[in-house]
Amino acid sequence: MKFTKMHGLGNDYVYVNCMEEKIENPAEVARKVSDRHFGIGSDGLILILPSDVADFRMDMYNADGSQAEMCGNGIRCVGKYVYDYGLTEKESISVETLAGIKYLDFSIENGKVALVTVDMGEPILKAEDIPVLCEKDQVIEEPIFAAGQEWKMTCVSMGNPHCVIFIDTPVKDFPLEKVGPLFESHERFPKRVNTEFIELIDKKTVNMRVWERGSGETMACGTGACASAVAAILCGYTEEEITLHLLGGDLRVRWDRDKNRVFMTGPAQVVFDGELRV
């Protein structure tokens, strides 16, 4: 199996061009390639496939083999792959995902994709559609009990479920390894959840760490950054365009509330190409 390892702000995946390769059991392959000791080492596996409704299709599997609906960092890398490796000459493309069709615009430098802006679509705010168990229609600064204390959560789906928690202490010191799994498997999230812990810096800037369902802490999460920006705006903490500092680098997110669309801009990088027996 030929593959390319890529990352968006350190959120790394193994990418396979399934126009040329065929993967029989992607869940099993995802578990094998993601192992950082016995495999390639990644947060999961992303397959690039043909689509009947868009330019390309993206199928994503977490490190534990579970399939996810979308990945913001992953889809930026898909965009870079298809352009840099000659699968398209277009500088704007559409990509089919389990969270719907997403639209990508490329910034080209020296013939290669340097930045990708993704129209991530409309944020989903209705509790039952996220899904999260709540008596209210929207979950904005609602109490939740976990890890022995009460937190205030704001929940958003960007095609996959996110629980955003604003904290008063530096996020770099937050005990994410202890608290993250308790949110991921909390009974109030029927499909598990990705959880973002956010430190507010000012009206235009936040620090963020994320615990992703199926993968644990990652260096960055594009859908999580988008969900966090929406949550911060809903709570009145920030302006409608913000910069999020993640462990792997920065993302810029804008929520156009008139059109109700979320736009994310960030880099994508190739690490190396290889071939693996599976």
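Draft legend 1. Spatial organisation of the side chain of Ser66. Examined against the element boundaries, Ser66 turns out to sit in the loop between strand S4 (56-62) and strand S5 (67-68). Within the structure, Ser66 has its side chain in polar contact with the side chain of Asp64 (distance 2.6 Å). If we ignore the near neighbours within four places in the chain, the residues touching Ser66 are Met60, Tyr61, Arg192 and Gly214.

Draft legend 2. Spotlight on the state of the cysteines. In total, this model carries zero disulfides according to the counting rule given. Not engaged in a disulfide, the cysteine Cys18 finds its nearest cysteine sulfur in Cys77; these two sulfurs lie 16 Å apart. With a relative accessible area of 15%, Cys18 lands in the buried category. The thiol of Cys221 is not disulfide-bonded; the next cysteine sulfur, from Cys71, is found 6.4 Å away. Since its relative accessible area comes to 4%, Cys221 is described here as buried.

Draft legend 3. Spotlight on the environment of Pro143. With respect to the helices and strands, the residue Pro143 is situated in strand S9 (residues 142-146). Taking C-alpha positions, Pro143 is 6.2 Å from Met153, a pair spaced ten residues apart along the chain. Beyond its immediate chain neighbours, meaning those up to four positions away, Pro143 contacts Glu150, Trp151, Lys152, Met153 and Arg188.

Draft legend 4. Up close: the pattern of salt bridges. Evaluated as defined, the whole model comprises 19 salt bridges. A salt bridge links Asp55 to Lys90; the nearest nitrogen and oxygen atoms lie 2.8 Å apart. Residue Asp55 is found in the loop between strand S3 (44-49) and S4, and its partner Lys90 is found in the loop between helix H2 (72-84) and strand S6 (92-97); the two are separated by 35 residues along the sequence. Judged by its relative accessible area of 28%, Asp55 is partly exposed. By relative accessible area, which is 41% here, Lys90 ends up partly exposed. The salt bridge involving Lys126 is made with Glu128; its shortest N-O contact spans 3.2 Å. Lys126 sits in the partly exposed class, given a relative accessible area of 36%. With a relative accessible area of 56%, Glu128 lands in the exposed category. Through salt bridges with shared partners, a single network forms among Lys5, Asp12, Arg36 and Asp43.

Draft legend 5. Broad picture of empty space enclosed by the protein. Throughout the structure, instances matching the rule amount to one cavity of 30 Å³ or more. The wall of the largest cavity is formed by Met60, Asn62, Ala68, Met70, Cys71, Asn160, Asn194, Glu212, Arg213, Cys221 and Thr223. When its residues are assigned to classes, the lining of the largest cavity shows five nonpolar, four polar and two charged.

Draft legend 6. Region of the structure containing H2. Look at H2: 19 Å from first C-alpha to last across 13 residues, which is about the 18 Å you get at 1.5 Å a residue. Counting buried positions along H2 yields 13 of 13 residues, so the element is predominantly enclosed. The positive-phi residue at the C-terminal boundary of H2 is Gly86, with phi of around 80 degrees.

Draft legend 7. Representation of the layout of surface pockets in the model. Of the volumes computed, that of the largest pocket is approximately 160 Å³. Lining the largest pocket are Gln149, Trp151, Lys152, Ile165, Phe166, Ile167, Asp168, Thr169, Leu200 and Tyr237. Within the residue set of the lining of the largest pocket, elements represented by two or more residues are strand S10 (149-157) and strand S11 (161-167). When its residues are assigned to classes, the lining of the largest pocket shows six nonpolar, two polar and two charged.

Draft legend 8. Expanded view of the packing of aromatic side chains. Within this structure, the stated rule accounts for ten aromatic pairs. With a centroid separation of 5.9 Å and an interplanar angle of 70 degrees, the aromatic rings of Tyr83 and Phe106 are classed as edge-to-face. Taken together, the positions of Tyr83 in helix H2 and Phe106 in strand S7 (residues 100-109) put the pair 23 residues apart, joining distant regions of the chain. For the residue pair Tyr83 and Phe106, the accessibility class agrees, reading buried in each case. Ring geometry for Phe166 versus Tyr237: centroids 4.9 Å apart, planes at 70 degrees, classification edge-to-face. Residue Phe166 is found in strand S11, and its partner Tyr237 is found in the loop between helix H4 (222-234) and strand S15 (241-246); the two are separated by 71 residues along the sequence.

Draft legend 9. Geometry of the pairing of S3. A large share of S3 lies buried, amounting to six of its six residues. Here S3 shows two buried faces, one formed by Gly44, Ile46 and Ile48 and the other by Leu45, Leu47 and Leu49. Sheet analysis places strand S2 (residues 11-17) next to S3, joined by four bridges and oriented parallel. What sits directly across from Tyr15, in S3, is Ile46. Regarding topology, helix H1 (residues 26-34) serves as the crossover connection from S2 to the parallel S3, and that connection is right-handed.

The rules we used
- One numbering rule holds for all chains: residues counted from 1, following each sequence as written.
- Whole-chain, interface and lining totals are the exception, using all residues; otherwise, since this is a predicted model, local features are given only for residues with pLDDT of at least 70 and side-chain atom pairs are given and counted only at 80 or more.
- Derived side-chain values reflect all non-hydrogen atoms in the structure, with water molecules and hydrogen atoms excluded from consideration.
- Numbered from the N terminus, helices here are DSSP runs of H or I no shorter than four residues, and strands are runs of E no shorter than two.
- Contacts described as polar in this section are N or O atom pairs within 3.5 Å, which, within protein, must combine one atom able to donate a hydrogen with one able to accept it, while residues neighboring in sequence count only if both atoms come from side chains.
- Two residues qualify as a contact provided that any one of their heavy atoms is within 4.5 Å of a heavy atom in the partner residue.
- The term disulfide is used for any two cysteine sulfur atoms that are within 2.5 Å.
- Each residue's exposure class comes from its accessible area (1.4 Å probe, protein chains only) as a fraction of the maximum for that residue type: buried when under 20%, exposed when over 50%, partly exposed otherwise.
- The working definition used for a salt bridge is a side-chain nitrogen of Lys or Arg within 4 Å of a carboxyl oxygen of Asp or Glu.
- Only protein atoms enter the 1 Å grid used here. Points where a 1.4 Å probe fits but cannot escape make up a cavity, open sets with protein on both sides within 12 Å along at least five of seven lines make up a pocket, and a residue lines them when an atom lies within 4 Å of a point.
- Grid points are joined across faces, edges and corners, and a volume is the space filled by probe spheres set on the points.
- In this classification, the charged set is Asp, Glu, Lys and Arg, the nonpolar set is Ala, Val, Leu, Ile, Met, Phe, Trp, Tyr, Cys and Pro, and all remaining amino acids, among them Gly, are polar.
- The length a helix should cover is 1.5 Å for every residue beyond the first.
- Pairs were defined over the aromatic rings of Phe, Tyr and Trp, the Trp ring being its six-membered one, requiring ring centres within 6.5 Å. Orientation was assigned from the angle between planes: stacked under 30 degrees, edge-to-face over 60, tilted for the rest.
- Any two strands are treated as partners once DSSP identifies two or more bridges connecting them.
- The path from the first strand over the helix to the second decides the hand: if it runs clockwise while the strands point away from the viewer, the crossover is right-handed.

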